[in-house]
Amino acid sequence: MVEQRRVVHGSPSVQMLQGADRLLLVAEGEDGVPTLQHLIVPSTYMATNWPVRHVAVAPTGQDIAVAGKRGITLYNTASRKWRVFGDIRQERQVAATALLWLPKIIGVCNELSGGKHELLFYPRYHLDNQSLLLRHPLPGGAPLALDSQGDILLEAAAPFDVRIYRAVVVGELSPLKSPTLRLQPLRELSTMSYRRPPLCLALVPSLACTPSNADGAASSAPTRCMVLRVGGELSILDLAAGSEQTLSNGVENFWLTLPKHGSGKAARSDASNASQSNGAQSKTANGSAGATPSPSDGVKHLRTLLVSDWGPSQEDTGGVSSLAWSPDEKALAVGWSARGMAVWSASGCRLMCTIRQGKGGTASHGDWHSSLPSPTLTPLSLHSAAGPKQLEALRTGVAGLCWDHHGYSLIAAENGSARRLVQFTMAK
């Protein structure tokens, strides 16, 4: 699993691979070379709460929240220190099903007995009930989705009720004070539709964010959100009008852009578009990747990227498991769950592929040869019967992808391997 957040005010980006007991952070070093850091969750927490189930990175990239079986723990990248509950009894009362960040505040969706849920909000400097800012009950059981953008919070409940709040801090957020948090309702939308139930919702970032909102607070409430439904239908919902427009089908996951401060272009944060500032990109189950821009006058499909055109079938590659845009948003890396990865330009030109190119058929039945843009490895045995995969740089499918800050290096994590990372060097 890959998490990425763009840090505001020109700071380096933070990309993250999630493991059972650790996080792998990829960030730009002082000399511009990407650095890899194994961030091991403290054993005092993991001993009773293994494995890591949920992770959330603050929009500033400075704070990381991790939730295991019970409780949560917070990591500050500046001080390099972990923060946990001081009272083990309080920790055992928290069973996190989702995490989200508000400015300097961590939100936890806590599962209670009887299937009930509540939202707990703690300041990032103290995990204790004495510092609890707000305990907000969620009617109707487990939420369908939770998302936040700056000080704006989205909550979706069954069958399809969407509530938008603004988080207002009452008092000074300081260890020496006693602040509280209030959720101010902004909009509520109840939709009855023939469509299938939603799986995930995400607020579409507003271009109205300004440098004064460096902690992630938005100057205006978002007016649209993305909706991913059962069966892979991806649509965009107008929160003001209540209208919904389908973008694509067969989608596994999606990411959205965050606007860069002081520019009209969008920086990638859990998604990006190569040519538009507020876009959505989707992963499809048939071994292809689609990019969908979102201009101001509507949303339309841009192009579909396929690997079947030069040989590999869905049987060979499996579904799309990872997507990663280069920092300049000119190249898109796509990894598959069963085998290999490829890189396309924003215009749809294939730049490289680790899968050996074939003249037709599947990898197991067709006549395959190595394409020039595809990196290869020396065979372990000249007489091996392992097939064409033996010559490929990636031995299995891809668990995660991330670029360095300049876009010259691409790092791929293999499925089923806790230690093997493959780095590809690109030329521009």
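Criteria and thresholds
- Residues numbered from 1 in each chain as written.
- Predicted model: local features only at pLDDT ≥ 70, side-chain atom pairs only at ≥ 80, totals over all residues.
- Heavy atoms only, no water.
- Helix = DSSP H or I, 4+ residues; strand = E, 2+ residues; numbered from the N terminus.
- Buried < 20%, exposed > 50% of the residue type's maximum accessible area, 1.4 Å probe, protein only.
- Contact = heavy atoms within 4.5 Å.
- Areas by Shrake-Rupley, 256 points an atom, 1.4 Å probe, with all protein chains shown as cover.
- Salt bridge = Lys/Arg side-chain N within 4 Å of Asp/Glu carboxyl O.
- Pairing = 2+ DSSP bridges.
- Axes fitted to C-alpha atoms, helices over the stretch in contact; angles between N-to-C directions.

Bringing the overall build of the chain into the picture now. Within the chain, the regular secondary structure consists of three helices and 32 strands. Taking all 428 residues of the chain together, 53% fall into the buried category. Long-range pairs, those at least 24 residues apart, make up 46% of the contacts in the chain between residues at least 6 apart in sequence. Carbon and sulfur atoms make up 51% of the accessible area of the chain, which amounts to about 19,400 Å² in all.

Using the criterion set out here, one finds ten salt bridges in the structure. Between Glu188 and Arg163 there is a salt bridge, with its nearest N and O atoms 3.7 Å apart. Residue Glu188 is located in strand β16 (residues 180-190), and its partner Arg163 is located in strand β15 (residues 161-170); the two are separated by 25 residues in the primary sequence. According to the relative accessible area criterion, Glu188 is exposed, its value standing at 59%. We note a salt bridge from Glu244 to Arg195, for which the minimum N-O separation is 3.7 Å. Taken as a pair, Glu244 in strand β20 (residues 244-248) and Arg195 in the loop between β16 and β17 (198-203) lie far apart in primary sequence, 49 residues in all. Like Glu244, the residue Arg195 is buried in the burial classification. Residues participating in the shared-partner salt-bridge network are Arg195, Arg229, Glu233 and Glu244.

Pairing is antiparallel across the open sheet formed by four strands, whose spatial order is β13-β14-β15-β16. A single partner strand is all that each edge strand has here, and the edge strands are β13 (145-149) and β16. With direction set aside, neighbouring strand axes in the sheet form an average angle of 20°. In the sheet, β15 pairs with β16 via ten bridges, with the strands oriented antiparallel. Of the residues in β16, the one forming a bridge with Val162 is Leu189.

Time to look at the pairing of strand β28 (residues 341-345). Judged by how many residues are buried, β28 sits mostly within the fold: five of five residues are covered. The two faces of β28 match: Met341, Val343 and Ser345 on one face and Ala342 and Trp344 on the other face are all buried. Counted along the chain from strand β27 (residues 331-336) to the antiparallel partner β28, the turn is four residues long, and its residue Gly340 has a positive phi close to 75°. Where β28 and strand β29 (residues 350-353) come together, three bridges link them in antiparallel fashion. Bridge pairing links Ala342 to Cys353 in β29. The hairpin turn running from β28 into β29, its antiparallel successor, is four residues long, and Gly348 in that turn takes a positive phi close to 100°.

Turning to the side chain of Gln90, a few remarks are in order. Tracing the backbone shows Gln90 in helix α2 (residues 88-92). Excluding its chain neighbours within four sequence positions, the residues that come into contact with Gln90 are Phe85, Asp128 and Asn129.

Sheet architecture is open: four strands sit in the order β26-β27-β28-β29, paired in antiparallel fashion. The outermost strands of the open sheet, each flanked by one partner alone, are β26 (320-325) and β29. On average, adjacent strands in this sheet sit at an angle of 15° to one another, irrespective of strand direction. Sheet topology places β26 next to β27; five bridges connect them, and they run antiparallel. Residue pairing across strands places Ser322 opposite Gly335, the latter belonging to β27.

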